[in-house]
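Here is what each chain is made of, one letter per residue.
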Amino acid sequence: MVTEDDVRRAALELPGVTERSSWGQPAWFARTLMARIWEPGVLTVKTEEREALAGTEPGIYFWTPHHERSPQLVLVRLDRIDAGLLGELLQDSYLLAGGRPSRPHPGRSS
């Protein structure tokens, strides 16, 4: 189970991410919106796998009619995920929101 504080900490560890309010809730931005608390205990993130996630784990992932126009947005029940999965979701959302993938340092082998 993760909390809003866990989301905040993980989101702000990503390069260039900032926090500000969106619709009265905490939200994190790369170039565009990356994640936002939808309501207590529920996080909105971007993904290219919304249908698959909600289809296989509807107890964790879902969306509302409000999200129909935005097929990359999915809602996540925070009390049903762990820190590892949160990190994966935020990393994917970060890239979709215009965050820059980390690159190896020039001259170093990977």
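Rules used throughout
Residues numbered from 1 in each chain as written. Predicted model: local features only at pLDDT ≥ 70, side-chain atom pairs only at ≥ 80, totals over all residues. Heavy atoms only, no water. Phe/Tyr/Trp six-rings, centres within 6.5 Å; stacked < 30°, edge-to-face > 60°. Lys NZ or Arg CZ within 6 Å of the ring centre and 35° of its normal. Pairing = 2+ DSSP bridges. Helix = DSSP H or I, 4+ residues; strand = E, 2+ residues; numbered from the N terminus. Contact = heavy atoms within 4.5 Å. Axes fitted to C-alpha atoms, helices over the stretch in contact; angles between N-to-C directions. Salt bridge = Lys/Arg side-chain N within 4 Å of Asp/Glu carboxyl O. Buried < 20%, exposed > 50% of the residue type's maximum accessible area, 1.4 Å probe, protein only.

Moving on, we get to the packing of aromatic side chains. Inspection of the entire model under this criterion finds zero aromatic pairs. The positively charged end of Arg 50 is found above the aromatic ring belonging to Trp 63, 3.9 Å away from the centroid. In this structure, Arg 77 packs its charged tip against the face of Phe 62, placed 4.0 Å from the ring centre.

Another aspect to go through is the sheet that holds strand β3 (residues 33–39). Sheets are built from strands paired through backbone hydrogen bonds, the pairs being either parallel or antiparallel. As summarised here, the arrangement of the six strands in space is β1-β2-β3-β4-β6-β5, forming an open sheet in which the pairing is antiparallel. What marks the edges here is a single partner per strand, and that holds for β1 (18–22) and β5 (61–62). As paired elements, β5 and strand β6 (residues 73–77) share two bridges and run antiparallel to each other. Residue Phe 62 lies in a different strand from β6, and its bridge partner there is Leu 75. In this fold helix α1 (residues 4–12) packs onto β1, β2 (25–29), β3 and β4 (42–46), with an angle of close to 20° to the strand it touches most, β2. Strands in contact with helix α3 (residues 83–96) are β3, β4, β5 and β6; relative to β4, the strand with the most contacts, it is inclined by about 45°.

Inspection of the entire model under this criterion finds five salt bridges. Measuring nitrogen to oxygen at the nearest pair gives 3.3 Å for the salt bridge that ties Glu 4 to Arg 8. Remark: Arg 8 and Glu 4 occur in helix α1; sequence separation between them is four residues, near one turn of the helix. With a closest N to O distance of 3.9 Å, Asp 79 and Arg 80 form a salt bridge. According to the relative accessible area criterion, Asp 79 is partly exposed, its value standing at 48%. Residue classification places Arg 80 among the partly exposed positions, given a relative accessible area of 48%.

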